[in-house]
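Listed here are the chains, written in short residue letters.
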Amino acid sequence: MGNSLVRILTFLAVAALGVGFAPAQAHAQTDVAASIYGSFSGTTNGNNTIQSPANQAGGMFELRHIANPILGFEATYSFNRANEQYSNPIETCPSSSIGCRSIESVSANAHEITVDWVPSLHIANLRPFGVLGLGLLLNLPASSQTTITSYGCPSCGTVTTTTTPTQTSTKAVYVYGAGLDWGLLPHIGLRLQYRGNLYQAPNLTKTFTSTSTFLHTSEPMLGAYVRF
């Protein structure tokens, strides 16, 4: 009787594991995706510098594997224009109420590589998911030199331009976000997601000092995926 009970309990345990394991395998997914996004960042102020990133469009490629609701990972590469403007706070010229300011605009491209954890759920043809990861953000100036425009007032002099060197900037980036996969065909679907990036403001010029503050970039995305 005791051995029979053990066998019955063992069978039930194995059956339960099998039932729990089968849907996880059925809902497992490996896919590649391409998305377009808008990159929106705010102005920062520090170290006697005002730093203003330009809002730009970009694209991202993802390789993702989801084994079960908890075990999901992806690797991503994204690219967007990442122009930066550096300026000093307005300084009042002597004997005048008009301010003086120097402005440097640096044309640059941003390359980002991340590795992310992707928890998710599978509900019918929908898969809501979260994103949490880290990576590297490389800001590469489009030219080795750029110009500084200095705006004076009558008592300070006229407008002048000077040439100054640029430099690359590599920063760690922390990523969070959430999204939704919407299956349209057996192996093709739409991916809607929002990703937020946290990183230290890049220093692309040797004339101005970066604000060195943490910058937040919002990236709403729309893309498509192909599942294997």
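One structure accompanies this document, and this report is about it. Everything quoted here is computed from the prediction, not taken from an experiment. (Residues numbered from 1 in each chain as written. Predicted model: local features only at pLDDT ≥ 70, side-chain atom pairs only at ≥ 80, totals over all residues. Heavy atoms only, no water.)

Attention now goes to the environment of Ser-144. By the element assignment, Ser-144 lies in the loop between β10 (126-141) and β11 (145-151). Using a relative accessible area of 56% as the deciding quantity, one classes Ser-144 as exposed. It is 9.8 Å that separates the C-alpha atoms of Ser-144 and Val-106, two residues lying 38 residues apart in sequence. Those residues in contact with Ser-144, other than ones at most four positions away along the chain, are Thr-164, Pro-165 and Thr-166. (Helix = DSSP H or I, 4+ residues; strand = E, 2+ residues; numbered from the N terminus. Buried < 20%, exposed > 50% of the residue type's maximum accessible area, 1.4 Å probe, protein only. Contact = heavy atoms within 4.5 Å.)

Attention now moves to the sheet that holds β10. Reading around the barrel, the eight strands line up as β1-β4-β5-β9-β10-β13-β14-β15 and close back on themselves, with antiparallel pairing between neighbours. Neighbour-to-neighbour, the strand axes of this sheet turn through a mean angle of 25 degrees, independent of strand direction. (Pairing = 2+ DSSP bridges. Axes fitted to C-alpha atoms, helices over the stretch in contact; angles between N-to-C directions.)

In this section: unusual backbone geometry. Backbone geometry places Ala-124, a non-glycine residue, at a positive phi of 55 degrees. Judged by its relative accessible area of 64%, Ala-124 falls in the exposed class. Of note, Ser-212 is a non-glycine position whose phi angle comes to about 60 degrees, a positive value. One can find Ser-212 in the loop between β14 (188-200) and β15 (214-227).

Another point: the side chain of Arg-191. Assignment of secondary structure puts Arg-191 in strand β14. At 2.7 Å, the side chain of Arg-191 forms a polar contact with the side chain of Asp-181. (Polar contact = N/O pair within 3.5 Å; in protein donor to acceptor, adjacent residues only side chain to side chain.)

Attention now moves to the environment of Leu-198. Among the secondary structure elements, Leu-198 is positioned in strand β14. For Leu-198, a relative accessible area of 34% corresponds to the partly exposed category. Taking the C-alpha atoms as reference, Leu-198 lies 9.4 Å from Leu-134; in sequence the two are 64 residues apart. Contact partners of Leu-198, with chain neighbours within four places excluded, come to Ala-172, Val-173, Tyr-174, Phe-214, Leu-215 and His-216.

Of the two faces of strand β5 (residues 72-81), only one is covered, namely that formed by Gly-72, Glu-74, Thr-76, Ser-78 and Asn-80; the face formed by Phe-73, Ala-75, Tyr-77, Phe-79 and Arg-81 stays uncovered. In this sheet, β5 lies alongside strand β4 (residues 56-66) in antiparallel orientation, the contact comprising nine bridges. Looking at the pairing, Phe-61 lines up with Tyr-77 of β5. Hairpin geometry of β4 and β5 is characterised by an intervening segment of five residues between the two adjacent antiparallel strands. As paired elements, β5 and strand β9 (residues 108-117) share nine bridges and run antiparallel to each other. Pairing of Ser-78 across the sheet is with Glu-112, part of β9.

With that out of the way, let us pick up the nonpolar core. Among soluble globular proteins, nonpolar side chains are generally buried collectively. In terms of nonpolar packing, the biggest core is built from 11 residues, these being Ile-66, Ala-82, Ala-110, Val-118, Phe-129, Val-131, Leu-137, Val-173, Val-175, Tyr-199 and Leu-215. Mapped onto this core, the elements with two or more residues apiece are β10 and β13 (169-185). It is β10 that contributes the most residues to this core, three residues altogether. Residues contacting Leu-137, with those up to four places away along its chain left out, are Ala-110, His-111, Glu-112, Ser-169, Thr-170, Lys-171, Val-173 and Tyr-199. In this structure, Tyr-86, Ala-108, Ile-148 and Leu-204 belong to the second largest nonpolar core, which totals six residues. (Core = buried A, V, L, I, M, F, W, Y, C linked by side-chain atoms within 4.5 Å.)

Further remarks concern the side chain of Thr-49. For Thr-49, the location among the structural elements is in strand β3 (residues 49-53). Residue class for Thr-49 comes out buried when judged on its relative accessible area of 2%. Polar contacts involving the side chain of Thr-49 include one to the main-chain carbonyl oxygen of Thr-209, which spans 2.9 Å. Ignoring sequence-local partners within four residues, the contact set of Thr-49 consists of Thr-44, Tyr-86, Ser-87, Pro-89, Phe-208, Thr-209 and Thr-211.

So, about a nonpolar patch on the surface. A contiguous nonpolar patch, built from Val-32, Leu-63, Leu-121, Ile-123, Leu-126, Trp-182, Leu-184, Leu-185, Ile-188, Val-226 and Phe-228 and spanning about 1,000 Å² of accessible area, is present on the exposed surface. At three residues, the largest contribution of residues to the nonpolar patch is made by β13. (Patch = residues over 30% accessible without salt bridge, like charges linked within 9 Å, V, L, I, M, F, W, Y side chains within 5 Å. Areas by Shrake-Rupley, 256 points an atom, 1.4 Å probe, with all protein chains shown as cover. Salt bridge = Lys/Arg side-chain N within 4 Å of Asp/Glu carboxyl O.)

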